[in-house]
Amino acid sequence: PGQKRKGSRFKQLLELTQALLKARRWHTQKMLCLSNVATGTHTGALTRVAQAILAAAPVFVKKAERGVVVCDTQGEPPLGVVQQSTREAGQLVAVALLGSADQTRRVLSADQIKEGDFLICNKEGQAMKLPEEPAGAYVVGRALTDAAPGTCVEFDPCLPYAVGG
């Protein structure tokens, strides 16, 4: 009596996950994204607070004062990719990191992209191919698939690096 059983937190997390899936709050999506929220070592993803509504997903996000927002300028490096949209500011989102990714990522395309194109982020947090004169852009990876505007492009992410003037 009074002692916690080993594994009780795991059981609680499992029950919570099952309840969330049964509630079908994500009826328009086919995945549930969870990540580590503890301080310390993280493997490929972080949980952050969306500081504004993320209407479209998946999109690039950047660090904000108290969380993340859509990466809305080409002059700033994105932190990662958010796979789920939000209905209101303040919701927790899983941010798939770019620089430590051990797998490919998918993001909405704003441009006609061909396999092999180097990608940058546009003002809506979507991928576009690296222009011939990239003024202050950050390369975020290389396209692995062709993509039309409004569809997802799969890409091999890298630590964002500045190109152009």
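Residues numbered from 1 in each chain as written. Predicted model: local features only at pLDDT ≥ 70, side-chain atom pairs only at ≥ 80, totals over all residues. Heavy atoms only, no water.

*Asks:* It is not clear to me how the sheet that holds strand β3 (residues 67–70) should be interpreted in this structure. Could you clarify?
*Replies:* Strand pairing in a sheet relies on backbone hydrogen bonds. The paired strands run either parallel or antiparallel. Spatially, 5 strands are ordered β1-β5-β4-β2-β3 in an open sheet, and the strand pairing comes out antiparallel. Each end of this open sheet is capped by a strand with a single partner; those strands are β1 (45–49) and β3. On average, each strand axis in the sheet is tilted by 45° relative to the strand beside it, whichever way the strands run. (Pairing = 2+ DSSP bridges. Helix = DSSP H or I, 4+ residues; strand = E, 2+ residues; numbered from the N terminus. Axes fitted to C-alpha atoms, helices over the stretch in contact; angles between N-to-C directions.)

*Asks:* Can you help me understand the sheet that holds strand β10 (residues 152–163) in this one?
*Replies:* Reading across from one edge, β6-β10-β9-β7-β8 is the order of the 5 strands in this open sheet, with antiparallel pairing throughout. Two strands close off the open sheet at either side, each with one partner strand: β6 (105–108) and β8 (127–129). With strand direction ignored, the average angle separating the axes of adjacent strands in the sheet is 55°. Here strand β7 (residues 118–121) runs beside β8; their pairing, made up of 3 bridges, is antiparallel. Considered in β8, the bridge of Leu119 is made with Lys129.

*Asks:* Help me out: how do you make sense of the pattern of salt bridges in this one?
*Replies:* Any two side chains of opposite charge can pair, given that their charged atoms come close. Here the structure, examined in full by the defined rule, presents 2 salt bridges. Between Asp72 and Lys62 there is a salt bridge, with its nearest N and O atoms 2.7 Å apart. Here Asp72, found in the loop between β3 and β4 (80–82), pairs with Lys62, found in strand β2 (residues 59–64); they are 10 residues apart in sequence, far enough to count as distant. Residue Asp72 is classed as partly exposed on the basis of its relative accessible area, which comes to 35%. When its relative accessible area of 10% is taken as the criterion, Lys62 is described as buried. Note that Arg66 and Glu65 form a salt bridge whose closest N and O atoms lie 4.0 Å from each other. Glu65 matches Arg66 in its accessibility class, with the two residues each being exposed. (Salt bridge = Lys/Arg side-chain N within 4 Å of Asp/Glu carboxyl O. Buried < 20%, exposed > 50% of the residue type's maximum accessible area, 1.4 Å probe, protein only.)

*Asks:* What should I look at first to understand the packing of aromatic side chains in this one?
*Replies:* For the structure shown, the criterion picks out 1 aromatic pair. Ring geometry for Phe60 versus Phe155: centroids 5.7 Å apart, planes at 55°, classification tilted. Taken together, the residues span a long stretch of sequence, with Phe60 in strand β2 and Phe155 in strand β10 at a distance of 95 residues. (Phe/Tyr/Trp six-rings, centres within 6.5 Å; stacked < 30°, edge-to-face > 60°.)

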